[in-house]
Amino acid sequence: FVLVFGITFLYSFKTILRNNDWKNNLTIFGHDVLISENSATAHKIFGSSLFYSIKDSPDKQGQADTFEIAKQHLKKALEIYPSYVDPLSPLGIIYYFENKFDSAYYYQKKELEFHKDSIDLNYNFGKTLNKLLKYDESITVSNHVLTLNPKHEGANFNLALAYTNKKDYDKGLFYLSKVIELNPKRADAYYYTGLILKAKGEEIKANDFLNKATSLGYKPN
């Protein structure tokens, strides 16, 4: 009884000490990083948690500051364990959020060496390739997504943008029609369809699509 009581007391005391760390994921993982400074996993988890805690915040300065800290921890994880794949994905996403597409490309391409059939990764990589004006590569990657999931809305949209930017308007319209078929409420698909039709001289039809985009709340940047 004394032995069991002693063990129970020690674990209870440890639990009480840990209570302040269990407020949320950030406090838990932040504390773990402090006590496990050389743990690649701890740095990866904390860096990822920081990113996801702030990615939708309207506070752009706070977001930018937190992104920097998140990147430090994710890169620390790679420094500790260079073959660690898990930090690559959040790093790629953060750099995309920051409009640093060359860096996003670097980490996404590196992750693809390990997860070549990841639908989400290939889709995000296609978006990055479009931003870098690498349209042929984006088409290849996006078509690969469609072999894995023929009804992937985002891959069809990536293809529409890539072909449109290559001045292949017919294929651009084809893939935009696929996007609208999959998601009839996707306003930007109607908007870009309208722009292409206007460029082709089909004013009346173009205005129908542009008005539809407006009715769905689309506001051009």
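All residue numbers refer to positions counted from 1 along the written sequence of the respective chain. The predicted nature of this model means local features are confined to residues of pLDDT at least 70 and side-chain atom pairs, given and counted, to a pLDDT of 80 or more, with totals for whole chains, interfaces and linings taken over all residues. Hydrogen atoms and water are omitted, and side-chain values are computed over all heavy atoms in the structure.

### A short note on the packing of helix 8 (residues 135–148) against helix 9 (residues 153–165)
Just so we agree on the cut-off: Axis geometry follows a simple rule: fit a line to the C-alpha atoms, using only the stretch in contact for helices, then measure angles between N-to-C directions, giving values from 0 to 180 degrees. Secondary structure counts use DSSP, requiring at least four H or I residues in a row for a helix and at least two E residues in a row for a strand, with both numbered from the N terminus. Throughout this description, any angle smaller than 35 degrees is read as roughly parallel, any larger than 145 degrees as roughly antiparallel, any in the 65 to 115 degree range as roughly perpendicular, and the remainder as oblique. Each crossing gets its hand from how the near helix is turned against the far one by less than a right angle, where anticlockwise is left-handed and clockwise is right-handed. The contact rule is simple, with two residues in contact once any of their heavy atoms fall within 4.5 Å.
Running from amino to carboxyl end, helix 8 crosses helix 9 at an angle of 155 degrees, the nearest separation of the two axes being 9 Å. What the angle tells us is that helix 8 and helix 9 run roughly antiparallel. Relative to helix 9, the crossing made by helix 8 is left-handed. Contact residues: Y135, S138, I139, S142, N143, V145 and L146 in helix 8; A155, N156, N158, L159, A162, Y163 and N165 in helix 9.

### Notes on the packing of helix 3 (residues 40–54) against helix 4 (residues 60–80)
A pair of packed helices is characterised by two quantities: the angle between their axes and the separation of those axes. Condition: Residues are grouped as follows: Ala, Val, Leu, Ile, Met, Phe, Trp, Tyr, Cys and Pro are nonpolar; Asp, Glu, Lys and Arg are charged; all remaining types, including Gly, are polar.
With their axes 8 Å apart at the nearest point, helix 3 and helix 4 run at an angle of 160 degrees to one another. One way to sum up the angle between helix 3 and helix 4 is to call them roughly antiparallel. In this structure, helix 3 meets helix 4 at a crossing whose hand is left-handed. Across the interface between the two elements, A40, H43, K44, F46, G47, S48, L50, F51 and I54 from helix 3 touch G62, Q63, T66, F67, I69, A70, H73, L74, K76, A77 and I80 from helix 4. Per-class residue counts for the contact of helix 3 with helix 4 are 11 nonpolar, seven polar and two charged.

### Quick word on unusual backbone geometry
Heads up, the condition is: Burial status follows relative accessibility: with a 1.4 Å probe on protein chains alone, a residue under 20% of its type maximum counts as buried, one over 50% as exposed, and anything between as partly exposed.
For L133, which is not glycine, the phi torsion reads 65 degrees and is therefore positive. By secondary structure assignment, the location of L133 is in the loop between helix 7 (119–131) and helix 8. Looking at L133, the relative accessible area reads 56%, which means it is exposed.

### Looking at the confidence of the model for the protein chain
To keep things clear, this is the line we draw: Residue-level confidence of the predictor is what pLDDT reports, using numbers from 0 through 100.
Here the protein chain shows a mean pLDDT of 88. Residues at 70 or above account for 84%. Taken together, the stretch residues 9–18 has pLDDT below 50 and engages in four contacts with residues farther than four places along the chain or on a different chain.

### Side note on helix 8
The test is simple: What a helix is expected to span follows from its residue count: subtract one and scale by 1.5 Å.
With 14 residues, helix 8 extends 20 Å from end C-alpha to end C-alpha; this agrees with the ideal 20 Å at 1.5 Å per step. Here helix 8 has its buried residues at Y135, S138, I139, V141, S142, V145 and L146. Packing partners of the buried residues in helix 8 comprise helix 7, helix 9 and helix 10 (169–182).

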